[in-house]
Amino acid sequence: MTIKIKLYNTLTRKKEEFLPIDANNVRMYVCGPTVYDYAHIGNARPAIVFDVVFRLLRHVYGENHVTYVRNITDVDDKINARAARDYPELALNDAIKKVTEKTTKQYHKDVKALGCLEPSFEPFATDHIAGMLAMIEKLIEKNHAYVAGGEVLFDISSMSNYGALSRRKIDEQQAGARIKVDAHKKNAGDFVLWKLSSENEPGWDSPWGRGRPGWHLECSVMSEALLGEVFDIHGGGLDLIFPHHENEIAQSCCAHDNDKMANYWLHNGFLQVEGQKMSKSLGNFIIINELLETDKFGGKKWAGDVLRLAMLMTNYKEPIDFSVARLEEAQKILTKWKEKILNLGLVFEEKNRQEIEALGPCSKLLAALANDLDMSGVISNLHRHASGKKLHNGGRLFGSLQLLGLVSFDSMKEWQSANDKQDENVDIAYIEQQISLRLKALKEKDWAKADEIRNDLATKGISLKDSKEEKTGERITKWELKSG
């Protein structure tokens, strides 16, 4: 079966068939975190969404034929401010190192818990300063940049199609976050490529004085270094379309005399918390680590796979209302799917690892995923297999969930082990006795007693299901131990 991937391209505002430049080396760049603070749930969404894109590309083109780059921004004024605040006793550069190392380590831990694969490359901005200086020199030589007020600035009027991604005209440009508007600029939208550093600030020697790079420049240089001047996919959140991605395009295209930086631009939608914009002032600013390790949200800890499914239940381009109810729904669905996998006979023992890990996704689910990550179709197909009664339904369910990063052989092995331990602690004789007493109460129409027994068993994690014996019509009751 030939899988054709279709993706919504922000650049053209339409869904297009994905045709890689080189099918033997499909290349994707996604803007990673600025490591001045722990990642919040808004940061979790692009990490999860583009991990799914990465997994899909690997499935279609082969694991060794996809290169995924997600950067770390470790030089930024926000980092400087946080370092000065948290470690006033240290020299600023030492404080910056402490902040970036601590935050990067936590980010890696968080995204791993969310089921994200490691990217092929994870460049740090500070390792690419030489490339940034080289790109600035090119832009100056080609009259796309100028020195003024102690800064090197990109001249947006020098690019005829500046604003094509965001669909903004030059006379409508407003300076975005991190852009300083001063009289020395030719245009209000001109943005910084290089700015001078004080003695206490991090800086590198350059032809224009000791300084540090602008935020947009970093991604242009890191993507070029690892993926080339033009690559397949560039991704990030909707908030990055302007000014960040627009300015990346300007720098890269003008430096290399190309009309494109990437062929497909993908952007995930925004996230709200319980119907409100997430902000510290509203008290609903939630970091990933708090969800995983504290009971701050909804009174309990949430597993990484539950957070992942909660993010994936909505199409990636649409906004998400992140809520306790949404997490509870995701947890219930995921528990049902895992139980079904075990109930249909998959046994997660080491002797079966290779066979089980080779299980692939349902073809219809794969087609839905390839259709611009149609999660509605994906979820529908998962439910279909979860309602099946044959072993192949369990295999397809596992293979599909594995592709989505929601389960792995090891996670299901742990789940199976936990269930086995629960089963060992279950007093089957007691349960059967209580079921007999309940059936007697139902026969005698003692509804209150029957409900009391059902509720008592439910508190112990025992679920009852009533039915009738086909031949005699006699009421029978089956029980099931619920996980989680």
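Nothing here was measured: the structure is a model prediction, and the numbers come from that model.

A. Examining the side chain of N268 more closely. With respect to the helices and strands, the residue N268 is situated in strand β10 (residues 262-268). If sequence neighbours within four positions are ignored, N268 has contacts with R45, P46, V49, F50, G236, G237, L238 and Y316.

B. Highlighting the packing of aromatic side chains. Inspection of every chain in the model, using the stated rule, returns nine aromatic pairs. Members of the aromatic cluster, joined through ring pairs, are F18, Y61 and Y264. The ring of F242 is capped by R168, whose NZ or CZ atom sits 4.0 Å from the centre of that ring. Its end group placed over the ring of Y146, K186 keeps NZ or CZ at 4.6 Å from the ring centre.

C. Molecular detail of the sheet that holds strand β11 (residues 271-273). Reading across the sheet, the three strands line up as β12-β11-β13 and stay open at both edges, with mixed pairing between neighbours. What marks the edges here is a single partner per strand, and that holds for β12 (276-277) and β13 (320-322). As judged from the two bridges shared by β11 and β12, these two strands associate in the antiparallel manner. Opposite Q272, over in β12, you have K277 as the bridge partner.

D. How the structure looks around the pattern of salt bridges. The full count for this structure, using the stated rule, is 24 salt bridges. Ionic pairing is found between E290 and K296, a salt bridge with its closest N-O pair at 3.4 Å. When the shortest N-O distance is used, the salt bridge between E350 and R353 registers 3.0 Å. Note on E350: relative accessible area 45%, which makes it partly exposed. Three or more residues are tied together by salt bridges with common partners; here these are E350, R353, E357, D410 and K413.

E. Here's a closer look at empty space enclosed by the protein. Here the structure, examined in full by the defined rule, presents two cavities of 30 Å³ or more. By volume, the largest cavity is sized at about 50 Å³. What lines the largest cavity is simply V49, V52, M311, L312, T314, N315, Y316, L373 and M375. In this model, the second largest cavity occupies a volume close to 30 Å³. I41, A44, I48, L114, I288, L291, L307, M311 and F322 together form the lining of the second largest cavity. Those elements that place two or more of their residues in the lining of the second largest cavity are α1 (41-61), α7 (288-293) and α8 (304-312).

F. Highlighting the layout of surface pockets. If you add up the space inside the largest pocket, you get close to 1300 Å³. Along its surface, the largest pocket is lined by 43 residues, and H40, G42, N43, D239 and L240 are the ones closest to its centre. Elements that contribute at least two residues to the lining of the largest pocket include exactly α1, β4 (66-70), α2 (77-86), α3 (92-113), β9 (231-237) and α6 (241-256). Here the element with the most residues in the lining of the largest pocket is α1; it accounts for five residues.

G. Expanded view of the confidence of the model for the chain. When pLDDT is averaged along the chain, the result is 92, and 94% of the positions lie at 70 or above. The model gives residues 174-180 a pLDDT under 50, and that stretch makes 15 contacts with residues more than four places away or in other chains.

H. Summary view of unusual backbone geometry. With an omega of 5 degrees, the peptide bond running from F242 to P243 counts as cis. Along the polypeptide, P243 turns up in helix α6. A positive phi angle is found at E274, which is not glycine, with a value near 50 degrees. Structurally, the position occupied by E274 is in the loop between β11 and β12. Taking relative accessible area as the criterion, E274 reaches 44% and is therefore assigned partly exposed.

I. Geometry of the side chain of Q251. Structurally, Q251 is set in helix α6. Residue Q251 is classed as buried on the basis of its relative accessible area, which comes to 0%. Within polar-contact distance, the side chain of Q251 engages the backbone oxygen of H216 at 3.1 Å. At 3.2 Å, the side chain of Q251 forms a polar contact with the backbone nitrogen of L217. Contact partners of Q251, with chain neighbours within four places excluded, come to M135, L139, F154, F191, L193, H216, L217 and S220.

J. Molecular detail of the state of the cysteines. Counted according to the given criterion, the structure contains zero disulfides. The thiol sulfur of C31 is not disulfide-bonded, and the nearest other cysteine sulfur, from C219, lies at 4.0 Å. Residue C31 is classed as buried on the basis of its relative accessible area of 14%. The structure places no disulfide on C254, whose sulfur is separated from the nearest cysteine sulfur, that of C253, by 6.8 Å. Residue class for C254 comes out buried when judged on its relative accessible area of 6%.

K. Focus on the pairing of strand β6 (residues 151-154). What you see with β6 is no split at all: E151 and L153 on one side and V152 and F154 on the other are buried throughout. As judged from the four bridges shared by strand β5 (residues 145-148) and β6, these two strands associate in the antiparallel manner. Residue pairing across strands places A145 opposite F154, the latter belonging to β6. Counted between consecutive antiparallel strands, the loop separating β5 from β6 contains two residues, among which G149 sits at a positive phi close to 60 degrees. Strand direction decides the pairing type here: β6 and strand β7 (residues 191-196), joined by four bridges, are antiparallel. By the bridge assignment for β7, V152 is matched with W194.

About the cut-offs
Residues numbered from 1 in each chain as written. Predicted model: local features only at pLDDT ≥ 70, side-chain atom pairs only at ≥ 80, totals over all residues. Heavy atoms only, no water. Helix = DSSP H or I, 4+ residues; strand = E, 2+ residues; numbered from the N terminus. Contact = heavy atoms within 4.5 Å. Phe/Tyr/Trp six-rings, centres within 6.5 Å; stacked < 30°, edge-to-face > 60°. Lys NZ or Arg CZ within 6 Å of the ring centre and 35° of its normal. Pairing = 2+ DSSP bridges. Salt bridge = Lys/Arg side-chain N within 4 Å of Asp/Glu carboxyl O. Buried < 20%, exposed > 50% of the residue type's maximum accessible area, 1.4 Å probe, protein only. 1 Å grid on protein atoms, 1.4 Å probe; cavity = no way out; pocket = protein on both sides within 12 Å on 5 of 7 lines; lining within 4 Å. Points joined across faces, edges and corners; volume = space filled by probe spheres on them. pLDDT = per-residue confidence, 0-100. Polar contact = N/O pair within 3.5 Å; in protein donor to acceptor, adjacent residues only side chain to side chain. Disulfide = S-S within 2.5 Å.

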